[in-house]
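Residues per chain are reported as follows:
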Amino acid sequence: MSFLSPEAENESHLLNVIVSLQGQELECDVNRNKSRNISEYKQIDAKINLQLSENHNALKQIPEVYSNVLEKIKFAQGKIRSCKEKIDRCKTSLQCQREDLKRLYLDSVTNGQILDLLARIDKVREVSGILDNYIKHK
């Protein structure tokens, strides 16, 4: 016993048929997509395997090359540290020499002034001798 009219039952039955057909279509699409994806996956996997086999030797050398490069980098860093230390020592030495040069320059200026004073003293001594000569000759 159905509470629906015969037309409504037909419509309901028709809707059920449509939904089941759509489900079958969706299932067919899913199966097609699945098979297509599987075949694409197999093709890509084959290409990757081919690339790996062609480049196997190069891929095996990567860790060795990497370790060599890393070793060279560490060696270069050691050289750079050594150069930096040498430059710092030179800079310190130059700074000391600069201070020595300043001191020597100031000493030379002072000595120059002393020489000028000694020269003036000599002139003053000579003047007294010259005056004595003038006085004697007069």
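The structure under discussion appears in the preceding block.
Residues numbered from 1 in each chain as written. Predicted model: local features only at pLDDT ≥ 70, side-chain atom pairs only at ≥ 80, totals over all residues. Heavy atoms only, no water.

Draft legend 1. Region of the structure containing the overall build of the chain. Counting secondary structure elements, the chain contains two helices and zero strands. For the chain, the residues scored as buried account for 0% of the 138 residues in total. Just so you have it, the chain exposes about 13,400 Å², and 60% of that area is on carbon and sulfur atoms. (Helix = DSSP H or I, 4+ residues; strand = E, 2+ residues; numbered from the N terminus. Buried < 20%, exposed > 50% of the residue type's maximum accessible area, 1.4 Å probe, protein only. Areas by Shrake-Rupley, 256 points an atom, 1.4 Å probe, with all protein chains shown as cover.)

Draft legend 2. A look at a nonpolar patch on the surface. Taken together, the side chains of Ile44, Ile48, Leu52, Leu59 and Ile62 make up a nonpolar region of the molecular surface, amounting to roughly 450 Å² of accessible area. If you list the elements that add at least two residues to the nonpolar patch, you get helix H1 (6-54) and helix H2 (56-137). Of all the elements, H1 adds the most residues to the nonpolar patch, at three residues. Locating Leu59 in the fold gives a position in helix H2. (Patch = residues over 30% accessible without salt bridge, like charges linked within 9 Å, V, L, I, M, F, W, Y side chains within 5 Å. Salt bridge = Lys/Arg side-chain N within 4 Å of Asp/Glu carboxyl O.)

Draft legend 3. Inspection of H2 at higher detail. Given a rise of 1.5 Å per residue, 82 residues ought to cover 122 Å, and the 117 Å separating the end C-alpha atoms of H2 matches this to within 8%. The sharpest bend along H2 reaches about 35 degrees and sits at Ile62, with the proline Pro63 one to four residues further on. (Expected span 1.5 Å × (residues − 1). Bend = angle between axes of the 7 residues up to and from the residue.)

Draft legend 4. View of the pattern of salt bridges. Here the structure, examined in full by the defined rule, presents two salt bridges. The closest approach of N and O atoms between Asp100 and Arg103, which form a salt bridge, is 4.0 Å. Within this pair, Asp100 and its partner Arg103 are both found in helix H2, separated by three residues, close to a single helical turn. Classification of Asp100 by relative accessible area gives partly exposed; the value is 37%. Arg103 sits in the partly exposed class, given a relative accessible area of 45%.

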